[in-house]
Amino acid sequence: MKYLSEWDQWKRYSSKSWKRFIEKAREMTTHLELWREDIRSIEGKFGTGIQSYFSFLRFLVLLNLVIFLIIFMVILLPVLLTRYKITNSSFILIPSQDVDIQCTVYPISSSGLIYFYSYVIDLLSGTGFLEDTYLFYGHYTIDGVKFQNFTYDLPLAYLLSTIAYLALSLVWIVKRSVEGFKINLIRSEEHFQSYCNKVFAGWDFCITNRSMADLKHSSLRYELRADLEEERIRQKIAERTSEETIRIYSLRLFLNCIVLAVLAACFYAIYKATIFSQEHMKKEIDKMVFGENLLILYLPSIVITLANFITPIIFAKIIHYEDYSPGFEIRLTILRCVFMRLATICVLVFTLGSKITSCDNYLCELCGYNQKLYPCWETQVGQEMYKLMIFDLIIILAVTLFVDFPRKILVTYCSSWKLFQCWGEQEFAIPDNVLGIVYGQTICWIGAFFSPLLPAIATLKFIIIFYVKEISLLYTCRPSPRQFRASNSNFFFLLVLLIGLCLAIIPLTISMARIPSSKACGPFTNFNTTWEVVPKTVSTFPNSLQTLVYGITSEAFAVPFFMIICLIMFYFIALAGAHKRVVVQLREQLNLESRDKRYLIQKLTEAQRDLRNRLD
């Protein structure tokens, strides 16, 4: 017998204690999860598909909260500490450069408010008293903050905060996507194994509460119904004849042409609405009454919201004729809607960019952008993102209060009317709701550079949406007759969010690297573009560090680095393929062993029967 030394005993005891502590800590953190009981209740009553939507919404609340904390710590906190004399620090004003005085003119609209509706317009559009506040880019016209022992470079911090929240979002989404992909891969390998896991190993024996047991029963029942529904669709596809296959593919091709035509019409309408709004906003805004004023300000937002409202209905009608499984039906509808919703934002941003950079006079060529129409174009882009965010929240609240609840009342108490019988109770549309919050998150990613407090607004917005959608689900919706599996949904929701992040990075990169910075506002007035602060900062480094930075960013380093990354990627792909082949072989071996056991049991049963017959 081998005896352990005291050192080995202590290491083993420490390892076990540490593992026990980690398990206890994880158990405690599960009780601290936001909306834990609400989401578990939704899972039991409506299935894991709808539960995955609310879990996804909770993730976005936490993500936006972290983004706001990054921006607050990096940008707002030094400014607030100095402005309110909390620390012994002072602002460093931006030194004047060789810029024409006409380019520095920035008339802030309506400093004094006379009528109450002016407050309402300013609150909804971000103009007036909100324009020169911490909410927008133009308020941070500061070169830095001088503390007692160091100088805080605000332009560099502003740029780095943007890169930080985009990088954090990317890493966090990819991490959660990889976890969801592993679960999705395991569960999609063998459907029979999925049934066995749910029937024989799906119960949580730690449940002692009756209500929680009922919720777990409901959750398992919904999962099995989703599996059986998808199995029915797979069997139906396998039994198709060649004529039916040709017919369904021809129909899908025709329906996809209709989808492309709808998308093109929506993009053109958004483009024309943005051009009209921008041309008339500065010319006639003071001559209009309250309603016309709001209509001009919100015309792009209204057109985008109408497109986002109409197209999912059209896509939902089209998808029913394409004969897909429920899971694939959700994914395809989400892909179409995400392209529609996120592309509308890109159309709006690029239309604004074309108007900002289009020069038709001497002043525009002198400043590098359309200074007459956009004296502080970053703030005005931030105002457009702010309007989209506010208008989206207003629409969600209005639809819930003035459509969903009246529909429920009419269907419940006027059920004898055939019109209301045909209308029926609404189902909770997972694709449309997911796209709504991905759309709002993409607006937040784009707008956070131009409006630093937008993530805080997005956090409050998603919290409100959670409670509004929960109340609407519990009191106005019925469970869907077509069931959806959450294992696929969680991964796909994050994939759609990743697409939204990539689309948000494109206009941000172009605006920071290509469009000239405003000369009348913001921390980058002395730079031709926002990105120029990086080479200026690098030029202050020691010579050796400069050489290292320039070497890393040169083509001589980038090409070999890219080749090495490709080789590593091919190695892991080959390794994954080898592991997959081993898994297939092991499964075949398990199948053979199970057949051998079945054969042996059959022979043993026959031998026992023969022995019994002989004894008789």
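Residues numbered from 1 in each chain as written. Predicted model: local features only at pLDDT ≥ 70, side-chain atom pairs only at ≥ 80, totals over all residues. Heavy atoms only, no water.

S.K.: Before we move on, could you go through the overall build of the protein chain and cite the residues and values that matter?
M.R.: Counting its secondary structure elements, the protein chain contains 19 helices and five strands. Expressed as a percentage of its 616 residues, the buried residues of the protein chain come to 44%. Look at the contacts in the protein chain between residues 6 or more apart in sequence, and 77% of them connect residues 24 or more apart. As displayed, the protein chain offers around 35,000 Å² of accessible surface, 65% of which is attributable to carbon and sulfur atoms. (Helix = DSSP H or I, 4+ residues; strand = E, 2+ residues; numbered from the N terminus. Buried < 20%, exposed > 50% of the residue type's maximum accessible area, 1.4 Å probe, protein only. Contact = heavy atoms within 4.5 Å. Areas by Shrake-Rupley, 256 points an atom, 1.4 Å probe, with all protein chains shown as cover.)

S.K.: Pulling in residues and values, what's your account of the packing of helix α3 (residues 48-83) against helix α15 (residues 454-476)?
M.R.: One can describe the packing of α3 onto α15 by two numbers: an axis separation of 8 Å at closest approach and a directional angle of 160°. Taken together, the axis directions place α3 and α15 in an arrangement best described as roughly antiparallel. α15 is crossed by α3, and the crossing has left-handed handedness. Contacts from Ile50, Tyr53, Phe54, Leu57, Leu60, Val61, Asn64, Leu65, Ile67, Phe68 and Ile71 of α3 reach α15 at Pro455, Ala456, Ala458, Thr459, Phe462, Ile463, Ile465, Phe466, Lys469, Glu470 and Leu473. Within the contact of α3 with α15, the residues separate by chemical class into 18 nonpolar, two polar and two charged. (Axes fitted to C-alpha atoms, helices over the stretch in contact; angles between N-to-C directions. Parallel < 35°, antiparallel > 145°, perpendicular 65-115°, else oblique. Left-handed = near helix turned anticlockwise from the far one by under 90°. Nonpolar A, V, L, I, M, F, W, Y, C, P; charged D, E, K, R; others polar.)

S.K.: Quick one: what's the story with the pattern of salt bridges, residue by residue and with numbers?
M.R.: Overall, the coordinates contain four salt bridges when judged by the stated rule. Where Glu37 meets Arg36, a salt bridge forms, and the shortest distance between an N and an O atom there is 3.1 Å. For Glu37, a relative accessible area of 46% puts it in the partly exposed group. The residue Glu384 makes a salt bridge to Lys387 at a minimum N-O spacing of 3.0 Å. Separated by three residues within a single helix, Glu384 and Lys387 lie in helix α12 (residues 377-413), roughly one turn from each other. Summarising the burial analysis for this pair, Glu384 and Lys387 share the class buried. (Salt bridge = Lys/Arg side-chain N within 4 Å of Asp/Glu carboxyl O.)

S.K.: Residue-level account of the nonpolar core, with values.
M.R.: Across soluble globular proteins, you tend to see nonpolar side chains buried next to one another. Phe54, Phe56, Tyr165, Trp445 and Phe449 are the most contacted members of the largest nonpolar core, which has 119 residues in total. Residue contributions to this core peak at 14 residues, all from α3. Residue contributions to this core reach at least three from each of two domains, namely domain 1 (9-46) and domain 2 (50-89 + 129-178 + 242-525). If near-sequence neighbours (up to four positions away) are discounted, Tyr165 is found in contact with Ile67, Ile71, Trp445, Ala448, Phe449 and Leu508. (Core = buried A, V, L, I, M, F, W, Y, C linked by side-chain atoms within 4.5 Å. Domains from an automatic or database assignment.)

S.K.: Describe α3, and please don't skip the residues or the numbers.
M.R.: Relative to the 52 Å expected for 36 residues at 1.5 Å per residue, α3 spans 49 Å between its end C-alpha atoms, a close match to the ideal helical length. If you look at α3, its biggest bend is around 45°, right at Leu76, and the proline Pro78 turns up within four residues after that. Two residues or fewer after α3 comes Lys85, characterised by a positive phi angle close to 55°. (Expected span 1.5 Å × (residues − 1). Bend = angle between axes of the 7 residues up to and from the residue.)

S.K.: Please give an account of the state of the cysteines that cites residues and values.
M.R.: The bond known as a disulfide is covalent and runs between the sulfur atoms of two cysteines. This model, assessed by the stated rule, comprises one disulfide. The partner cysteine of Cys376 in its disulfide is Cys521, sulfur to sulfur 1.8 Å. Linking Cys376 and Cys521, the disulfide has an S-S dihedral of approximately 85° and is accordingly described as right-handed. Of this pair, Cys376 sits in the loop between α11 (362-367) and α12 while Cys521 sits in the loop between α16 (486-513) and α17 (533-538), placing them 145 residues apart in sequence. Its relative accessible area of 0% is what places Cys376 among the buried residues. (Disulfide = S-S within 2.5 Å.)

S.K.: Please provide a residue-by-residue account of the environment of Cys502, values included.
M.R.: Within the secondary structure layout, Cys502 lies in helix α16. The class of Cys502 is partly exposed, set by a relative accessible area of 42%. Residues Cys502 and Thr442, 60 residues apart in the sequence, show an inter-C-alpha distance of 9.3 Å.

S.K.: Let's hear about the UniProt feature "transmembrane region" (unreviewed entry) in the protein chain: which residues, and what values?
M.R.: Those places that UniProt annotates as "transmembrane region" (unreviewed entry) correspond, in this numbering, to residues 56-81, 156-174, 253-274, 295-321, 333-353, 445-468, 489-510 and 557-578. Along residues 295-321, the helical share is 96% and the strand share 0%, with 38 Å between the first and last C-alpha atoms. (UniProt positions renumbered as here; feature names shortened; annotations may be inferred.)

S.K.: Give me the lowdown on the packing of aromatic side chains, citing residues and values where you can.
M.R.: Considering all chains together, one arrives at 19 aromatic pairs under this definition. For the ring pair Tyr158 and Phe524, a centre distance of 6.0 Å and an interplane angle of 90° mean the geometry is edge-to-face. Linking Tyr158 in helix α5 (residues 154-189) with Phe524 in the loop between α16 and α17, this pair joins segments that are 366 residues apart in sequence. Overall, the relative accessible area of 0% leaves Phe524 in the buried class. Ring-pair connections join several aromatic residues into one group, and the members of that group are Tyr134, Tyr137, Tyr140, Tyr158, Trp377, Phe449, Phe450, Phe524 and Phe527. A cation sits over an aromatic face here: Arg252 above Tyr249, 5.3 Å from the ring centre. (Phe/Tyr/Trp six-rings, centres within 6.5 Å; stacked < 30°, edge-to-face > 60°. Lys NZ or Arg CZ within 6 Å of the ring centre and 35° of its normal.)

S.K.: Give me the lowdown on the side chain of Glu470, citing residues and values where you can.
M.R.: In this fold, Glu470 is placed in helix α15. Relative accessible area serves as the criterion here: at 9%, Glu470 is assigned to the buried category. With residues near it in sequence (within four places) discarded, Glu470 still touches Asp38, Ile42 and Phe54.

S.K.: Which residues make up the packing of helix α2 (residues 36-46) against α15, and what values go with them?
M.R.: Between α2 and α15, the shortest axis-to-axis distance is 12 Å and the interhelical angle comes to 30°. The angle between the axes of α2 and α15 places the two elements in the roughly parallel class. The chirality of how α2 crosses α15 is left-handed. Facing α2, whose interface residues are Asp38, Ile39, Ile42, Lys45 and Phe46, α15 presents Phe466, Glu470, Leu473 and Leu474. Taken together, the residues that form the contact of α2 with α15 break down as six nonpolar, no polar and three charged.

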